[in-house]
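So you can see what is in the structure, the chains are spelled out below.
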Amino acid sequence: MNGPAADAGLDTLLADIDAARSQGLAAIAAASTADELSQTESGLFGRKSVLGRIKQGFGSLPAEMRATAGRALNEAQQELRTAHADAADEFAAAARRTQLQQEWLDLTETPPGPGRGHLHLVTQTTERLEDVFVGMGFTVSEGPQAETDWYNFEALNLPAAHPARSMWDTLYLDLGERTELGDGEGGEASSVVLRTHTSPVQIRVMESGAPPIYTICPGRVFRRDTADASHMPVFHQIEGLVVDRGISFADLAGTLEEFTSAYFGKAISSRLRPSYFPFTEPSAEFDITCVICGGAGCQTCQRTGWIELGGCGMVHPNVLANCDIDFEEWTGFAFGFGIDRLALMRHGIDDLRDMYTNDIRFLSQF
Ligand code: FA5
């Protein structure tokens, strides 16, 4: 078909395509949800859509008309696909915005729970002990947790193979190839230990300063002890050391009594029982009135009314000599007790392990 009739047929066809394009765009614009949009798909792009049916009629058209109408139809279809895809993207973006809004979390918000943290009970106890002793005129000294055999044992009058070394189940460090620590005597790699008590700090203090000395040495210590209600393999001690002219056993007893009432209150007093430590002579165990029963006798104190806190005694002349202190001129006393056990007694806790299991319900009570 050629001529005016054919032209009129092509115009009608192009007008139909344009009308289908406009209706399609209107249908896309009218969709108010992603679901409504997807429901328009078959009406716009399916075989039975307006454009689909026009396309199916192309087979009977003359070649020239088909080319012109086909181009118009492709353009219309492309325009509808782009508009449909843009609308789908817009619905997806809106859905994402809504989701983000609903799931928004303020990460700076204080979480529900026990509130602010605080110092661990052992640290609180150490600080309180330091306050009490500083108030009595003592300074605070510290030493390393890994010690040579010299500081942990030998200088404390415990030569190699001394039977009393078995009082402390010791953890030895393997330093591999290193043989020199450059740290006092006895710096052999094979003789470096995790300190079993705070007594080596006594030696370091006496080596580095001249008497008079009034100091305390709190710190972490280590033993091959199995954890139970009153033992931990890692625990804390506080050491006291006084070296001055004319210091006697009465000064030791008076200092411990003064400390006991300052820390526990006037109702609690102290007593000394003969004992043995290689670095003090004479030596004693230091007991305080049982804080649970007030001295009447209970399960905790095994019905004695007293609880053992630590050891003490007059600094052995050999120890003073090891630190180049003239024991004819100077005398001194030392004491050492467990901070963890002290905290246990003060707060009526019945198992030392509770302090280290990091249960917030337990720790937040103190
Ligand atoms: C000593 O460690 C001596 N250095 C104390 C001393 C210092 C005596 C100065 C004389 C002069 P002892 O091994 O008894 O002594 O330990 C002292 C305290 O540490 C004990 O009384 C106890 O309170 C605490 N303690 C010992 N082993 C443990 C453990 N495994 N867990 C928790 N506390 C412990």
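Residues numbered from 1 in each chain as written. Predicted model: local features only at pLDDT ≥ 70, side-chain atom pairs only at ≥ 80, totals over all residues. Heavy atoms only, no water.

## Some details on the sheet that holds strand β2 (residues 146–148)
The test is simple: The pairing criterion is simple: DSSP has to find at least two bridges between the two strands. Numbering of helices and strands runs from the N terminus, with a helix taken as a DSSP run of H or I at least four residues long and a strand as a DSSP run of E at least two residues long.
If you trace the 3 strands from one edge of the open sheet to the other, you get β2-β4-β3, paired in antiparallel fashion. Of all the strands in the sheet, just β2 and β3 (171–172) have a single pairing partner and so form its edges. Sheet analysis places β2 next to strand β4 (residues 192–194), joined by 3 bridges and oriented antiparallel. What sits directly across from A146, in β4, is L194.

## Some details on helix α5 (residues 63–102)
Which entries qualify depends on this criterion: To estimate the expected span of a helix, count its residues, drop one, and scale the result by 1.5 Å. Under the scheme applied here, a residue whose accessible area is under 20% of the maximum for its type counts as buried, over 50% as exposed, and between as partly exposed, the area being computed with a 1.4 Å probe on protein chains only.
With 40 residues, α5 should reach 58 Å at 1.5 Å per residue; the first-to-last C-alpha distance of 58 Å fits that figure. Within α5, burial applies to M65, A69, G70, L73, A76, Q77, L80, H84 and A87.

## Some details on the side chain of S270
Put simply, the rule is: Counted as a polar contact is a pair of N or O atoms within 3.5 Å, where, for protein atoms, one must be capable of donating a hydrogen and the other of accepting one, and residues adjacent in sequence contribute only when both atoms are in side chains. Throughout, a contact is declared for two residues whenever any of their heavy atoms are within 4.5 Å.
Residue position: S270 is located in strand β7 (residues 270–277). Here the side chain of S270 touches E257 through a polar contact of 2.6 Å, side chain to side chain. Those residues in contact with S270 that lie beyond four places of it in its chain are L256, E257, T260, F286, D287, I288 and W306.

## A closer look at unusual backbone geometry
Residue P212 follows P211 across a cis peptide bond; omega there is 5°. As for its placement among the helices and strands, P212 is situated in the loop between α8 (199–208) and β5 (213–222). Residue P282 is bonded to the preceding E281 through a cis peptide linkage, with omega at -5°. Looking at the element boundaries, P282 is found in strand β8 (residues 280–289). One non-glycine residue, N157, lies in the positive phi region at around 70°. Take N157: it is sitting in the loop between α7 (149–152) and β3. Of note in the backbone geometry, N358 takes a positive phi value of approximately 55° without being a glycine. Among the residues examined, N358 registers a relative accessible area of 59% and is labelled exposed.

## A word on the site of the ligand
Condition: In this text, near means that some heavy atom of the residue lies within 4 Å of the molecule or strand in question. Note that accessible areas follow from Shrake-Rupley with a 1.4 Å probe, and for residues the cover is restricted to the protein chains shown.
If you check the shell around the ligand, you find 26 residues, and the closest are H197, S199, R223, D225 and M232. Here an oxygen atom of the ligand sits 3.1 Å away from a polar atom, N or O, in the side chain of Q237. A distance of 3.4 Å is found between an oxygen atom of the ligand and a side-chain nitrogen or oxygen belonging to E308. Coverage of the ligand by the protein amounts to 95% of the 680 Å² it exposes when considered alone. Looking at the shell around the ligand, the element that brings in the most residues is strand β9 (residues 306–315), giving 5 residues.

## Some remarks on the side chain of T255
Note that T255 resides in helix α9 (residues 249–264). The residues touching T255, leaving out its near neighbours within four places in the chain, are M136, F138 and F333.

## Concerning the domain arrangement of the chain
Using the following cut-off: Domain start and stop positions are those given by an automatic or database domain assignment.
Partitioning the chain into structural domains gives domain 1 (4–103) and domain 2 (121–363). Between the C-alpha centres of domain 1 and domain 2 the distance comes to 90 Å.

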